[in-house]
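Breakdown of the fold
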Amino acid sequence: MPSNVGPPYLARDLVELSYRLPADHKIAHPAEGKRILRDAARARGLPREVWGSRDKLGFASPVPSWLNGQLAAWADAQIHTALAEAPAAMRPLLEGGLKPGGRFDRTRMQALMAAAWFCDQTVRAAA
């Protein structure tokens, strides 16, 4: 049997099949999660680590690493601008975004979105 080194759950024929199946074949027991995909992986002979694992993280967005890397200075400037006039209730969220996070940490991204929202509200109120 040929071995595919790509993501096994993204095989075109498997994706097309999954779209054609009725919902009750995909989610019989929500706690099982991805049952049809796990059954297919097992049937294809993939190792238990692939189909038996419950600790899947999914696809990681590169945005947190960008905001902690090449865009860190820009993100900090946006957050600092909002902090200058933010109400006390927003300060903990904004201040949390000034601390670099890990690869999956969305704190900075959430703070940046709050800063953008706050600045937009300030502009609207001034208009």
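Below is a summary of the structure that appears in this document. Computed from a predicted model, the values in this text were never measured in an experiment.

1. So, helix H3 (residues 35-43)
Within the span of H3, buried status applies to Leu-37, Arg-38 and Ala-41. Down the axis of H3, the smallest arc covering the buried residues is 100°, so these residues share one side. Packed against the buried residues of H3 are helix H1 (12-20) and helix H4 (48-51).

2. Digging into the nonpolar core
Note on soluble globular proteins: their nonpolar side chains tend to be buried together. Membership of the largest hydrophobic core comes to 13 residues, with the highest contact counts inside it found for Ile-79, Ala-82, Ala-86, Met-90, Leu-94, Leu-112 and Phe-118. Sorting the residues of this core by element identifies helix H6 (72-83) and helix H8 (107-126) as the ones contributing at least two each. The leading source of residues in this core is H8, at five residues.

3. Observations regarding the side chain of Arg-108
Inspection of the secondary structure assignment puts Arg-108 in helix H8. Within the structure, Arg-108 has its side chain in polar contact with the backbone oxygen of Leu-67 (distance 3.0 Å). A polar contact is formed between the side chain of Arg-108 and the side chain of Asp-76, at a distance of 3.2 Å. Once you skip the residues sitting within four places of it in the chain, Arg-108 turns out to touch Leu-67, Asn-68, Ala-72, Ala-75, Asp-76, Ile-79, Gly-97, Leu-98, Lys-99 and Pro-100.

4. Things to note about a nonpolar patch on the surface
A contiguous nonpolar patch, built from Trp-66, Leu-71 and Trp-74 and spanning about 310 Å² of accessible area, is present on the exposed surface. Mapped onto the elements, Trp-66 comes out in helix H5 (residues 63-68). Owing to a relative accessible area of 41%, Trp-66 belongs among the partly exposed residues under this scheme.

The rules behind each value
- Residues numbered from 1 in each chain as written.
- Predicted model: local features only at pLDDT ≥ 70, side-chain atom pairs only at ≥ 80, totals over all residues.
- Heavy atoms only, no water.
- Buried < 20%, exposed > 50% of the residue type's maximum accessible area, 1.4 Å probe, protein only.
- Helix = DSSP H or I, 4+ residues; strand = E, 2+ residues; numbered from the N terminus.
- Arc of directions from axis to C-beta.
- Contact = heavy atoms within 4.5 Å.
- Core = buried A, V, L, I, M, F, W, Y, C linked by side-chain atoms within 4.5 Å.
- Polar contact = N/O pair within 3.5 Å; in protein donor to acceptor, adjacent residues only side chain to side chain.
- Patch = residues over 30% accessible without salt bridge, like charges linked within 9 Å, V, L, I, M, F, W, Y side chains within 5 Å.
- Areas by Shrake-Rupley, 256 points an atom, 1.4 Å probe, with all protein chains shown as cover.
- Salt bridge = Lys/Arg side-chain N within 4 Å of Asp/Glu carboxyl O.

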